[in-house]
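As a plain string of letters, each chain reads:
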Amino acid sequence: YGSFLKLTTKGAATPHPFDYTDGESPNLPVQGTDLNFYGTTQYGGDPTCHCGVVYKVTASGAFKVLHKFTGYVSSTVYDGYRPIGVLVQGNDGDFYGTTNEGGAYNEGTIFKISASGVYTLLHSFHFASPAFDGELPISGVTLGTDGNLYGTASRGGAAGYGALYEITPAGTETVLYNFCTVSC
């Protein structure tokens, strides 16, 4: 299932073994400006979906699940499934990430979450007209000097080979480039 290690300045390690209810297959965590660690797991969490979690580990080693993903449950419940990228902290202090699947069209999402666990779905990818904005992101987002976030979708876009996108912290997404084969 994986584990999270808390390291002290003297090199002592205290593991937190994931037990599937609090996540499984953790991604690399990021340290926030509050000195706590924030990360995601690809699986585990919700007992029905096992779609992954967002977690927080304090400097003292206390572990807390901030959000359990539920995937695509219905046309009104669709927060994401399988976060596989690293979170990034925005200028507003919130953390931003992507899920590979789930969302309104089951093609991936971009989300933000506060340090206290307030979750917001910012964007559901949709590889269909008129958006053609991509699908199935396999990495997180990066913070630009302009305060916006940038990332890639592995598929979709106008040619079907992926897209480079920008998203504002408020959730306005713009495709910047559509990847294509050598022949397009």
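Residues numbered from 1 in each chain as written. Predicted model: local features only at pLDDT ≥ 70, side-chain atom pairs only at ≥ 80, totals over all residues. Heavy atoms only, no water.

Draft legend 1. Spatial organisation of unusual backbone geometry. Its identity is not glycine, yet S25 carries a phi of approximately 65°, on the positive side. Tracing the backbone shows S25 in strand β3 (residues 24-26). Judged by relative accessible area, which is 22%, S25 ranks as partly exposed. With a phi close to 55°, H50 is a non-glycine residue in the positive phi region. For H50, a relative accessible area of 26% puts it in the partly exposed group. (Helix = DSSP H or I, 4+ residues; strand = E, 2+ residues; numbered from the N terminus. Buried < 20%, exposed > 50% of the residue type's maximum accessible area, 1.4 Å probe, protein only.)

Draft legend 2. Local environment of the pattern of salt bridges. Here the structure, examined in full by the defined rule, presents two salt bridges. Two residues, D94 and K112, come together in a salt bridge whose shortest N-O distance is 3.7 Å. One end of the pair, D94, is in the loop between β8 (88-89) and β9 (95-99); the other, K112, is in strand β10 (residues 109-113), with 18 residues separating them in the sequence. Given the relative accessible area of 18%, K112 is considered buried. As a salt-bridge pair, E135 and R155 come within 3.4 Å of each other at their nearest N and O atoms. Pair noted here: E135 is in the loop between β11 (119-124) and β12 (142-143) and R155 is in the loop between β13 (149-153) and β14 (163-167), with a separation of 20 residues, a long-range link. (Salt bridge = Lys/Arg side-chain N within 4 Å of Asp/Glu carboxyl O.)

Draft legend 3. Summary view of the packing of aromatic side chains. Throughout the structure, instances matching the rule amount to seven aromatic pairs. Aromatic pair F69 and Y119: ring centres 5.7 Å apart, planes at 85°, arrangement edge-to-face. Taken together, the positions of F69 in the loop between β7 (63-68) and β8 and Y119 in strand β11 put the pair 50 residues apart, joining distant regions of the chain. Ring plane angle 80° and centroid distance 5.1 Å describe the contact between Y177 and F179, whose orientation is recorded as edge-to-face. By relative accessible area, which is 33% here, F179 ends up partly exposed. Three or more aromatic residues link up through ring pairs in this structure, and these residues are F69, F111 and Y119. (Phe/Tyr/Trp six-rings, centres within 6.5 Å; stacked < 30°, edge-to-face > 60°.)

Draft legend 4. Looking closely at a nonpolar patch on the surface. On the surface, a nonpolar cluster with roughly 470 Å² of combined accessible area is contributed by Y161, L164, L176, Y177 and F179. Structurally, Y161 can be placed in the loop between β13 and β14. (Patch = residues over 30% accessible without salt bridge, like charges linked within 9 Å, V, L, I, M, F, W, Y side chains within 5 Å. Areas by Shrake-Rupley, 256 points an atom, 1.4 Å probe, with all protein chains shown as cover.)

Draft legend 5. Representation of the state of the cysteines in the model. On inspection of all chains with the given rule, the structure shows one disulfide. The disulfide bridge from C49 ends at C51, spanning 1.2 Å between sulfur atoms. In this structure C51 comes out as buried when scored by relative accessible area, which is 1%. (Disulfide = S-S within 2.5 Å.)

Draft legend 6. Broad picture of the sheet that holds β10. Strand order in the open sheet made by the four strands is β8-β9-β10-β11, with antiparallel pairing throughout. The open sheet has two edge strands with one neighbour each: β8 and β11. Note that β9 and β10 share five bridges and pair antiparallel. Bridging from a neighbouring strand, T99 pairs with T109 of β10. (Pairing = 2+ DSSP bridges.)

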